[in-house]
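Residue-level listing of the chains:
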Amino acid sequence: MQEKAYSYTTEEVKVTWDQKRCIHAEECVHGLPNVFDPDKKPWIQPENASVEELTNTIKRCPTGALHYEIKNKDEQEEAPDQNVITIEKDGPIYINGEVVIRDMDENIILKDTRVAMCRCGKSKNKPLCDNSHIDADFKADTTYNVERLRTEPVEGKGGELSIKLFDNAPFLVQGNYDLVGEETGTETCSKKMSFCRCGGSQTKPFCDGSHKKIGFVST
Ligand code: SF4
Ligand code: FES
């Protein structure tokens, strides 16, 4: 996973932007066009908004490319009360919550409140999305089989949402979460599920073992 981070500061706040994680041309630019303007240099000008306006907009960046630190305050962005996994049509899987991504050896790769997980298999910044689904012309709707999630009772709400990366295989989600797909709706569950990240599953967003057949390489 690569990082190319830039920071933009005022007396009150520091905004960081990781170019490698920025894929989505809407939330920030549309939310605060005086601050986030790709035609200006620097493209982020935090002095043009209040701290509250900045933090509210930054929290809507679905990939975690944007973050903030409020100076002289030990205040960090908090995870929402419930973890939310959102299936994006023809694109990544967005996760908003108390996300902890680990490798097969249980090493922590990333802790964050917002991430965009690659599900087309083509990102050069795996496990995160880098917009490669566009060049790959990846097609995937936002439906999912609700019944697969209902085989176990809901255990609670919120808390850590663990994402375990299997080599050349799916990622395993463990914890409490709402799964959101525009076409199917929202299901609250606590079921451990393997999510496809090779792009080949016939039961998306879940894994069906196709990664072996297509020789998916996750590095
Ligand atoms: S909202 Fe985040 S991902 Fe989207 S353009 Fe802004 S910084 Fe990039
Ligand atoms: S990761 Fe795609 S089918 Fe298993």
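In this text, all values refer to a predicted model and were calculated from it rather than measured experimentally.

Criteria and cut-off values
For every chain, the first residue of the written sequence is number 1, and numbering continues from 1 along that sequence. Chain letters and ligand numbers both follow the written order, the letters beginning at A and the numbers at 1. Under the rules for a predicted model, residues below a pLDDT of 70 receive no local features and side-chain atom pairs below 80 are neither given nor counted, while totals for whole chains, interfaces and linings still include all residues. Strand pairing follows a simple DSSP-based rule, namely that at least 2 bridges must link the two strands. Going along the chain from the N terminus, every DSSP run of H or I of four or more residues is numbered as a helix, and every run of E of two or more is numbered as a strand. The convention used is that axes are lines fitted to C-alpha atoms, helices contributing only their stretch in contact, and that angles between N-to-C directions extend from 0 to 180 degrees. Neighbour counting defines burial: a residue surrounded by 20 or more other C-beta atoms within 10 Å of its own C-beta is buried, one with 12 or fewer is exposed, and intermediate counts give partly exposed, using backbone-placed C-beta atoms. Comment: arc refers to directions from the helix axis out to C-beta atoms. Any pair of residues counts as being in contact when their C-beta atoms, constructed from backbone geometry, are within 7 Å of one another. These domain boundaries are the output of an automatic or database domain assignment. When residues are sorted by character, Ala, Val, Leu, Ile, Met, Phe, Trp, Tyr, Cys and Pro go into the nonpolar class, Asp, Glu, Lys and Arg into the charged class, and all the rest, Gly among them, into the polar class.

Engineer: Teacher, can you tell me more about the sheet that holds strand 2 (residues 13-18) here?
Structural biologist: Two modes of strand pairing occur in sheets, parallel and antiparallel, and in both the strands are linked by backbone hydrogen bonds. In spatial order, the strands read 1-2-3; together these three strands make up an open sheet with antiparallel pairing. For this open sheet the edge positions go to strand 1 (5-9) and strand 3 (66-70), each flanked by a neighbour on one side alone. Averaged over all pairs of adjacent strands, the angle between their axes in this sheet comes to 20 degrees, without regard to strand direction. Relative to strand 2, strand 1 is paired through five bridges, and the arrangement is antiparallel.

Engineer: What am I meant to see in helix 2 (residues 51-58) here?
Structural biologist: Since one α-helical turn is 3.6 residues long, residues separated by three or four positions face the same way. Inspection of helix 2 places L54, T57 and I58 among the buried residues, and these make up the whole buried set. For helix 2, the angular spread of buried residues about the axis comes to 95 degrees, placing them on one side. Contact partners of the buried residues in helix 2: strand 2, helix 1 (27-31) and strand 3.

Engineer: Please clarify how unusual backbone geometry should be interpreted in this entry.
Structural biologist: Glycine aside, negative phi is the norm for most residues, and most peptide bonds take the trans geometry. Of note, the bond from K41 into P42 is cis; its omega dihedral lies within 30 degrees of zero at -10 degrees. Relative to the helices and strands, P42 resides in the loop between helix 1 and helix 2. Here the residue pair K126 and P127 is connected by a cis peptide bond, since its omega of 10 degrees sits within 30 degrees of zero. Within the secondary structure, P127 is located in the loop between strand 6 (108-117) and helix 3 (132-135). You will see that N72, though not glycine, has its phi angle at about 60 degrees, which is positive. In this fold, N72 is placed in the loop between strand 3 and strand 4 (84-87).

Engineer: Is there a simple way to explain the domain arrangement of the chain in this structure?
Structural biologist: One frequent convention defines the size of an interface as the accessible area lost when the parts assemble. As assigned here, the chain comprises domain 1 (5-70) and domain 2 (84-213). Using only C-alpha atoms to locate each centre, domain 1 and domain 2 end up separated by 26 Å. On the domain 2 side, the residues contacting the seven residues of domain 1 number ten residues. Classifying every residue of the side of domain 1 that touches domain 2 gives three nonpolar, two polar and two charged.

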